[in-house]
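Geometric and topological summary
Take a look at the letters that make up each chain.
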Amino acid sequence: MTISVAMTVNGKSVSGKVEARTLLVQFLREHLGMTGTHVGCDTSQCGACVVDVDGRSVKSCTMLAVQAEGAKVITIEGLAASADKLHPMQEAFRDNHALQCGFCTPGMVMSAIDMVKRHNYQLDETTVRHELEGNLCRCTGYHNIVKAILAAAPAMKAAGV
Amino acid sequence: MYDFAYHRPKSLADAVTALKGKDEARPMAGGMTLIPTLKQRLARPSDVVDLGGIKDLAGVKVEGSNVVIGAMTKHADVATSADVKRVIPALAELAGGIGDPAVRNRGTIGGSVANSDPAADYPAAVVGLNATVTTNTGKHAADSFFKGLFETALSDGELITSISFPKPDKAAYMKFRNPASRYAMVGVFVTKTGNNVRVAVTGAGPAVFRVKAMEDALAKNFTSAAIKDIKIPADGLNSDIHGSAEYRAHLVNVMARRAVDAANK
Amino acid sequence: MTAATGIGARVKRKEDLRFLTGTGRYVDDLPLARATYAYFLRSPHAHAAIKGVDLSAAEKMPGVVAIFTGKDLAEAKVGSLICGWVVKDKHGQPHKAPPHPVLAADTVRYVGDPVAMVVANSHDEAKDAAEKIKVDYEVKPANVDLAKALGKGAAQVHAEAPGNLIYDWELGVKADVDAAFAKAAHVTKIDIVNNRLIPNAMEPRAAAAEYDKGTGQYTLWSTSQNPHVLRLILSAFVLGIPEHKLRVVAPDVGGGFGSKIFCYNEETAVCWAASRVGRPIKWTAERSESFMTDAHGRDHVTHAELALDKDGKFLALKVDTIANMGAYLSTFSTAVPTYLYATLLAGQYTTPLIYANVRAAVTHTAPVDAYRGAGRPEATFVVESIVSQAAKELKVDPAELRRKNFIPSTAFPYQTPVALQYDSGNYPPIIDEAIKIADYKGFESRRAEAKSRGKLRGIGFSSYIEACGLAPSQVIGQLGGGVGQWESAQLKFNPTGNVQVITGSHSHGQGHETTFAQIVSDKLGVPIENIEVVHGDTSTTTFGMGTYGSRSLAVGGSAIMKAADKIIAKGKKIAAHLMEASVDDVVFENGTFKVAGTDKNVPLGQAVFAAYVPHNYPLAELEPGMDENAFYDPANFVYPSGTQICEVEVDPDTGETQIVNFTAVDDFGNIINPMIVEGQVHGGIVQGVGQALLENAVYDKETGQLVSGSYMDYTMPRADDVPSFKLGYKVTPCPHNPLGVKGCGEAGAIAAPAAVMNAVRDALAPLGVTHVPMPATPLSVWQTIHGASRAAAE
């Protein structure tokens with residue numbers, strides 16, 4: 001069944017023809033060519049596919065594209081104003097060596113931004129580790145990811161993002 | 001997954017119509033169970049009816065001393081609802097422990113309860129709090145709702161619209177998580193309301209069940225010491241590489257005691 | 001300026017920008033025009049004969065472009081997937097080498113064994129069609145139990161390996177070791193299982209291929225840690241495509257940990273089919289496929305005995321191991337439980353006599369091969385478990401028993417009794433530092449405090465050594481390895497002074513684009529932003545052996561140093577000419593050629609420009625250009641070492657173990673980028689913790705099915721499973737490579753399982769527990785405690 005779907009992604013209106021079974025992550029990657037959002041598992045656990053839909057972090061591999069009809073979607077590609085102006089979370093990840101192979105990173109960054117906002121920019125190590133339950137990383141051992149998120153929270157607050 | 005016809009009705013009546021008369025039509029709430037099932041090609045519905053477009057199915061209300069939660073209310077919203085936190089904090093905590101943050105942004109109470117996954121958390125709350133499940137055709141009492149493995153009292157075309165939870169005097173939920181899936185290996189929801197005590201266990205068996213022996217002991221003395229030696233039999237409990245039946249039986253006692261301690265805090 | 005970006009600096013990574021902004025290019029990201037999609041039909045049985053394959057319904061499915069079976073590949077004379085390391089058994093005979101078809105034609109031998117490849121216009125269409133393929137299987141008995149594999153009556157995997165034995169190998173002289181045991185004051189014995197793991201890099205394996213009819217050129221993109229090695233194997237052994245007609249590209253790769261070293265069925269089939277399909281073919285594993293078919297790791301059953309004298313000095317060690325190869329021999333599988341394992345059984349100790357017997361067995365499970373540490377975690381687990389066990393039995397402090405037996409710092413180079421000669425090291429200061437950081441002295445009071453809360457605290461040591469920086473080629477050859485283990489580097493300057501560092505190493509998370517640039521910036525004085533590290537494409541890089549075995553810095557970095565030396569040597573000649581001086585008077589400092597005692601100087605950039613515009617230039621003696629390459633073959637392995645101390649708290653009611661403190665002090669020789677080293681240690685520790693407490697690849701003994709086939713059942717370490725880590729460093733530079741570096745990528749995973757398990761055993765010792773199986777899951781710990789308290793009550 002082919003369905004027309006339209007939404008905004010990173011501030012731009014986009015549309016496409018999908019099947020009912022097309023996942024949001026497939027729509028982003030294959031139809032829009034935005035390959036920053038990754039697929040790492042098939043049980044909705046790894047978090048590599050996390051994007052922001054209407055202000056909430058969502059696993060885009062567990063959402064149909066048609067369910068995002070009319071939604072505002074933000075992906076990793078939409079965070080930085082430019083190469084010299086990264087989002088404070090992206091800066092914190094780089095400053096703290098919170099990524100190695102980079103595959104989990106887009107979902108990790110999106111989840112991290114979401115957790116900072118939900119906790120009103122106040123986080124501690126235990127909370128961060130708990131909030132990362134839905135994001136797997138095999139490279140970093142999480143130590144630096146936690147550091148980065150704790151550093152990014154006040155930076156995000158100061159930057160008003 | 002296999003392809004299907006997709007419907008996004010705007011009203012409950014339209015949803016019921018969309019589900020009728022198809023080879024195999026399935027309602028979809030948050031999709032956190034249905035979509036992974038479809039991705040693994042374990043189901044092949046001809047039609048999927050997305051309930052996400054129906055207004056008024058989501059939301060938290062307080063009616064008298066009951067918290068009434070719309071079926072399409074997301075776990076994250078139950079967890080952060082000021083009303084739920086005020087009236088039945090144990091329910092908010094349970095919701096806040098389901099899945100992970102992104103899953104909680106999509107998964108719904110109605111979907112979870114209608115599914116009756118043996119390892120889901122909400123069934124323990126429904127039975128533990130003696131909630132009433134309201135559907136488009138009637139109401140169900142908690143004790144007669146969950147019938148077995150993935151089996152509930154819902155008939156074809158019957159959709160949950162809301163669940164009403166009466167306020168307990170004391171309540172707590174303690175979950176021992178499967179290390180891999182983080183679902184409940186054993187989850188115990190304990191409540192005391194007047195002289196009535198309920199101990200509802202999820203994760204350990206094919207469906208949520210109550211432990212009468214613990215309820216009787218706790219009704220006399222609502223302390224963890226009162227149930228210290230009450231063991232439940234391992235027969236009929238789930239067993240897998242993460243937890244044998246004996247281990248789960250043991251955990252039921254441990255989690256029940258911890259839940260009572262937490263409820264008494 | 002160079003201090004902030006040179007050797008030793010915490011330089012932020014150049015590669016991060018693309019990963020942080022979602023503009024990395026992983027194999028599945030590649031937009032190939034008119035691409036088709038491959039999907040593999042896999043065996044649902046652990047062992048079966050294929051009686052027939054009926055494609056008639058499948059071929060008619062919408063979107064199908066082609067379907068290939070094992071029969072097609074056999075007819076096209078596609079070769080077996082090779083095992084590249086010939087291990088000679090006790091009697092000098094080469095190991096049994098059963099064939100390993102790319103697509104199974106007559107027999108399937110593990111659940112997931114690929115049987116057919118469907119190529120279609122979309123992934124879903126390929127999958128839909130694959131479901132319509134009818135395979136007539138004759139199911140046969142299967143054995144997935146390593147402990148039973150070599151016994152009578154076990155289902156046989158290959159006719160070529162009678163009794164399921166691939167080799168019976170030994171190292172050391174048994175009679176000498178037995179004699180030492182006869183004189184021992186104390187003998188400690190352990191029986192351990194090194195649990196089977198599934199690597200689970202976050203990026204699933206993927207491959208894409210296309211064929212250019214006009215040039216006869218194949219291009220294969222693969223998630224490979226070693227594109228040239230993959231090309232060599234495909235060309236020389238499996239597909240016969242001439243190397244110069246096969247371009248292999250490993251673009252951004254999302255983690256490997258060893259699992260992406262090997263030549264697998266899927267990229268081989270996709271590459272082969274590209275010319276037959278006439279359109280590009282893309283394949284990406286679903287995670288469940290990764291679980292079933294990525295080479296698994298570890299899976300040893302071991303009995304070990306340690307003989308000590310009355311003062312606690314180690315007299316001898318004997319080890320008997322059965323190692324699982326899986327159903328087929330993966331590319332390096334035979335070497336892992338032999339030359340990468342038994343040769344590390346001396347550990348950090350002066351044990352004078354060691355005997356190891358290793359029998360490799362086949363079972364109806366996925367192939368097993370190198371996984372982070374590859375043999376060294378298994379060795380360290382044996383040695384450090386038995387040493388801690390001996391300390392408990394002798395009632396001596398585990399740190400003291402270790403110190404007593406450490407190889408003294410004056411004894412290097414130290415020839416072990418297990419072939420390897422350690423080049424350098426100093427172990428006592430490391431354990432001292434670890435003890436300080438971990439507040440070991442305060443432990444007993446913490447244990448008492450935990451006890452008052454009903455919890456059991458334990459502390460465990462793991463003093464590891466490992467051999468990495470693979471490897472001296474001739475040693476590899478003597479041991480049966482079929483390849484060299486040197487590395488290549490090319491420093492290609494452009495006329496405007498910026499430089500490409502073209503390396504045969506590959507980075508799939510290790511940060512080479514930064515660390516290799518730091519080396520060149522430091523040595524040649526080129527600003528780091530003017531340096532670009534290039535890797536991964538066989539058409540633009542010199543042949544390289546790739547990245548694994550913690551070799552990139554020690555071997556790849558050394559090749560870069562050699563190439564840099566050549567740049568400096570040539571630059572001196574150019575500068576001498578420009579300064580009208582004798583080349584012997586020219587020195588190179590901070591990026592500039594100078595004549596000592598004068599003001600004359602030629603910055604490197606000027607020499608480079610002159611080389612490309614050789615107007616004022618000694619053309620009679622010197623060619624133009626500034627483009628030097630080098631190959632470096634290491635003189636020895638490198639030997640990082642360290643001590644980890646793990647402190648745990650066990651909840652006896654649930655069996656849950658929490659890691660409350662984790663300390664790691666390592667000697668990696670000189671450190672190029674401390675930030676990157678820390679990251680490697682963190683990641684390695686968590687994989688080691690995963691092995692100790694969480695992860696276990698489980699096959700059902702009745703059905704042969706992979707029970708732990710997804711993240712729902714295979715427990716991956718999450719952020720809340722581990723704490724932050726306390727790290728420290730000591731430095732004994734490697735004496736035999738120009739950077740003085742030792743590898744650091746695997747150390748965390750090598751040492752951690754023993755540290756964690758020794759801590760858990762220590763925590764449970766008051767309950768009478770002497771052995772805890774690994775992984776120490778809550779269920780396993782509870783059952784162990786339960787068993788111990790039952791035994792105590794009896």
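Criteria and cut-off values
- Residues numbered from 1 in each chain as written.
- Chains lettered and ligands numbered in written order.
- Predicted model: local features only at pLDDT ≥ 70, side-chain atom pairs only at ≥ 80, totals over all residues.
- Heavy atoms only, no water.
- Helix = DSSP H or I, 4+ residues; strand = E, 2+ residues; numbered from the N terminus.
- Buried < 20%, exposed > 50% of the residue type's maximum accessible area, 1.4 Å probe, protein only.
- Contact = heavy atoms within 4.5 Å.
- Areas by Shrake-Rupley, 256 points an atom, 1.4 Å probe, with all protein chains shown as cover.
- Lys, Arg positive; Asp, Glu negative; His and termini not counted.
- Charge placed at Lys NZ, Arg CZ, Asp CG, Glu CD.
- Domains from an automatic or database assignment.
- Buried area = accessible area lost by both parts, 1.4 Å probe.
- Pairing = 2+ DSSP bridges.
- Salt bridge = Lys/Arg side-chain N within 4 Å of Asp/Glu carboxyl O.
- Polar contact = N/O pair within 3.5 Å; in protein donor to acceptor, adjacent residues only side chain to side chain.
- Nonpolar A, V, L, I, M, F, W, Y, C, P; charged D, E, K, R; others polar.
- Arc of directions from axis to C-beta.
- 1 Å grid on protein atoms, 1.4 Å probe; cavity = no way out; pocket = protein on both sides within 12 Å on 5 of 7 lines; lining within 4 Å.
- Points joined across faces, edges and corners; volume = space filled by probe spheres on them.
- Core = buried A, V, L, I, M, F, W, Y, C linked by side-chain atoms within 4.5 Å.
- pLDDT = per-residue confidence, 0-100.
- Axes fitted to C-alpha atoms, helices over the stretch in contact; angles between N-to-C directions.
- Left-handed = near helix turned anticlockwise from the far one by under 90°.

Turning to the overall build of chain B, a few remarks are in order. Counting its regular elements, chain B contains 10 helices and 14 strands. Overall, the C-alpha framework of chain B stretches about 55 × 45 × 30 Å when taken along its three principal axes. Every one of the 265 residues in chain B was classed for burial, and the buried ones make up 58%. Sequence-distant contacts in chain B: of pairs separated by 6 or more residues, those separated by 24 or more amount to 59%. For chain B, the exposed area adds up to about 10400 Å²; of that, 50% sits on carbon and sulfur atoms. Taking the average location of the 33 positive side-chain charges in chain B and that of its 26 negative ones, the two points are 5 Å from each other.

All names here are of chain C. Domain annotation for chain C reports domain 1 (16-22 + 486-632), domain 2 (32-140 + 203-254 + 260-293) and domain 3 (390-466 + 637-793). Measuring from the centre of the C-alpha atoms in domain 2 to the corresponding centre in domain 3 gives 39 Å. Taken together, the contacts link seven residues of domain 2 with nine residues of domain 3. Carbon and sulfur atoms supply 61% of the area that domain 2 and domain 3 bury against each other, a total of about 620 Å² over both sides. On the domain 2 side of the contact with domain 3, Val111, Arg287 and Phe291 bury the most area, a combined 70% of that side's loss.

Once that is clear, we can look at the pairing of strand 11 (residues 246-249) of chain C. Bridging between strand 10 (residues 217-222) of chain C and strand 11 of chain C involves four bridges; their strand directions are parallel. Residue Thr219(C) lies in a different strand from strand 11 of chain C, and its bridge partner there is Arg247(C).

So, on to the interface of chain B and chain C. Residue-level contacts link 24 residues of chain B with 23 residues of chain C. Taken over both partners, the interface formed by chain B and chain C buries close to 1900 Å², and the fraction arising from carbon and sulfur atoms is 50%. Where chain B touches chain C, the interface holds eight salt bridges. As a salt-bridge pair, Asp128(C) and Arg41(B) come within 2.7 Å of each other at their nearest N and O atoms. Between the two partners, chain B and chain C, sit 15 residue pairs in polar contact (both at pLDDT 80 or more). Looking at the side of chain B that touches chain C, the elements with two or more residues in it are strand 11 (170-177) and helix 10 (245-263) of chain B. With eight residues, the single largest contributor to the side of chain B that touches chain C is helix 10 of chain B. Split into classes, the residues belonging to the side of chain B that touches chain C amount to 11 nonpolar, six polar and seven charged.

Each α-helix winds once per 3.6 residues, and so residues spaced three or four apart point in a common direction. Residue and element names in this part refer to chain C. When helix 12 (residues 398-405) is considered as a whole, its buried residues turn out to be Ala399, Leu401, Arg402 and Asn405. The buried residues of helix 12 occupy an angular sector of 165 degrees when the element is viewed end-on, so they sit on one face. Of the surrounding elements, those touching the buried residues of helix 12 are strand 13 (300-308), strand 14 (314-326), helix 11 (376-394), helix 13 (427-437), strand 18 (456-465) and helix 20 (747-764). At the N-terminal boundary of helix 12, the capping side chain belongs to aspartate 397, with an oxygen 2.8 Å from the backbone nitrogen of alanine 399.

Quick look at empty space enclosed by the protein now. All names here are of chain C. All chains considered together, the criterion is met by eight cavities of 30 Å³ or more. Its volume calculated, the largest cavity comes out at about 100 Å³. What lines the largest cavity is a set of 13 residues, among which His100, Tyr264, Asn265, Ser330 and Pro367 lie closest to the centre. Looking at side-chain class alone, the lining of the largest cavity contains eight nonpolar, five polar and no charged residues. Roughly 80 Å³ of internal volume is contained in the second largest cavity. Looking at the second largest cavity, it is lined by 15 residues, and the ones nearest its centre are Arg18, Phe19, Asp252, Ser507 and Gly509. Counted by class, the lining of the second largest cavity contains four nonpolar, six polar and five charged residues. Looking at which domains feed residues into the lining of the second largest cavity, each of domain 1 (16-22 + 486-632) and domain 2 (32-140 + 203-254 + 260-293) supplies at least three.

Let us look at the side chain of Thr37(A). Among the secondary structure elements, Thr37(A) is positioned in the loop between helix 1 (24-31) and strand 3 (50-53). Here Thr37(A) is in contact with Val25(A), Leu28(A), Arg29(A), Ala48(A), Cys49(A), Val51(A), Ser60(A), Thr75(A), Ile76(A) and Glu77(A), once residues within four sequence places are set aside.

We now examine the nonpolar core. Formed by 215 residues in total, the largest nonpolar core has its most connected members in Met89(A), Phe93(A), Ile149(A), Met117(C), Leu345(C), Tyr422(C) and Phe662(C). It is helix 20 of chain C that contributes the most residues to this core, 12 residues altogether. Every residue in contact with Phe93(A), bar those within four places of it in the chain, is listed here: Ala98(A), Leu99(A), Thr105(A), Met108(A), Val109(A), Ala112(A), Ile145(A), Ala148(A), Ile149(A) and Leu20(C). If you look at the next biggest cluster of nonpolar residues, it comprises 50 residues, including Phe516(C), Ile519(C), Ile531(C) and Ala607(C).

The predicted model of chain C averages 97 in pLDDT, with 99% of residues at 70 or higher. On the interface metric, ipTM, the complex scores 0.98, and its pTM is 0.98.

The partner chain A presents 44 residues to the 54 residues of chain C that form the contact. Viewed at the interface, chain A and chain C are joined by six salt bridges. For Asp124(C), the salt bridge is made with Arg21(A), and the minimal N-O distance between the two is 3.6 Å. Broken down by secondary-structure element, the contributors of at least two residues to the side of chain C that touches chain A are helix 2 (16-20), helix 5 (123-130), helix 10 (287-293) and helix 19 (674-694) of chain C. Top element by residues in the side of chain C that touches chain A is helix 19 of chain C. It accounts for eight residues.

Quick look at the packing of helix 2 (residues 88-95) of chain A against helix 5 (residues 143-159) of chain A now. All names here are of chain A. For the pair helix 2 and helix 5, interaxial distance at closest approach is 8 Å and the crossing angle is 145 degrees. Handedness of the crossing formed by helix 2 with helix 5: right-handed. Between helix 2, through Pro88, Met89, Ala92 and Phe93, and helix 5, the contact on the second element is made entirely by Ile145, Ala148, Ile149, Ala152, Ala155, Met156 and Ala159. Of the residues that constitute the contact of helix 2 with helix 5, the class distribution is 11 nonpolar, no polar and no charged.

Here we take up the sheet that holds strand 12 (residues 184-193) of chain B. Backbone-to-backbone hydrogen bonds join strands into a sheet, with any given pair of strands oriented parallel or antiparallel. All names here are of chain B. Read across the sheet, four strands follow the order 11-12-13-14 without closing on themselves; strand pairing throughout is antiparallel. Every other strand in the sheet has two partners, leaving strand 11 and strand 14 (209-210) as the edge strands with one partner each. Sheet topology note: the strand 12/strand 13 (residues 196-202) ladder contains seven bridges and is antiparallel. Note on strand 13: the bridge partner recorded for valine 188 is valine 201. Each of strand 11 and strand 12 touches helix 5 (residues 89-96); the most contacted strand, strand 11, lies at about 20 degrees to it. Sheet contacts for helix 10: strand 11, strand 12 and strand 13; angle to strand 12, the most-contacted strand, approximately 40 degrees.

On to the pattern of salt bridges, then. Under the defined criterion, the tally for this structure stands at 74 salt bridges over all chains. Across the pair Lys12(C) and Asp95(A) runs a salt bridge whose closest N-O atoms are separated by 3.5 Å. Of the two residues, Lys12(C) sits in the loop between helix 1 (2-5) and helix 2 while Asp95(A) sits in helix 2, which places them in two different chains. By relative accessible area, which is 39% here, Lys12(C) ends up partly exposed.

What follows covers the layout of surface pockets. Counted as a void, the second largest pocket has a volume near 1300 Å³. Lining the second largest pocket are 36 residues; nearest its centre among them are Arg177(B), Arg182(B), Glu656(C), Asp720(C) and Asp721(C). A per-element tally of the lining of the second largest pocket places strand 11 of chain B first, with five residues. Of the residues belonging to the lining of the second largest pocket, the class tally is 14 nonpolar, seven polar and 15 charged.

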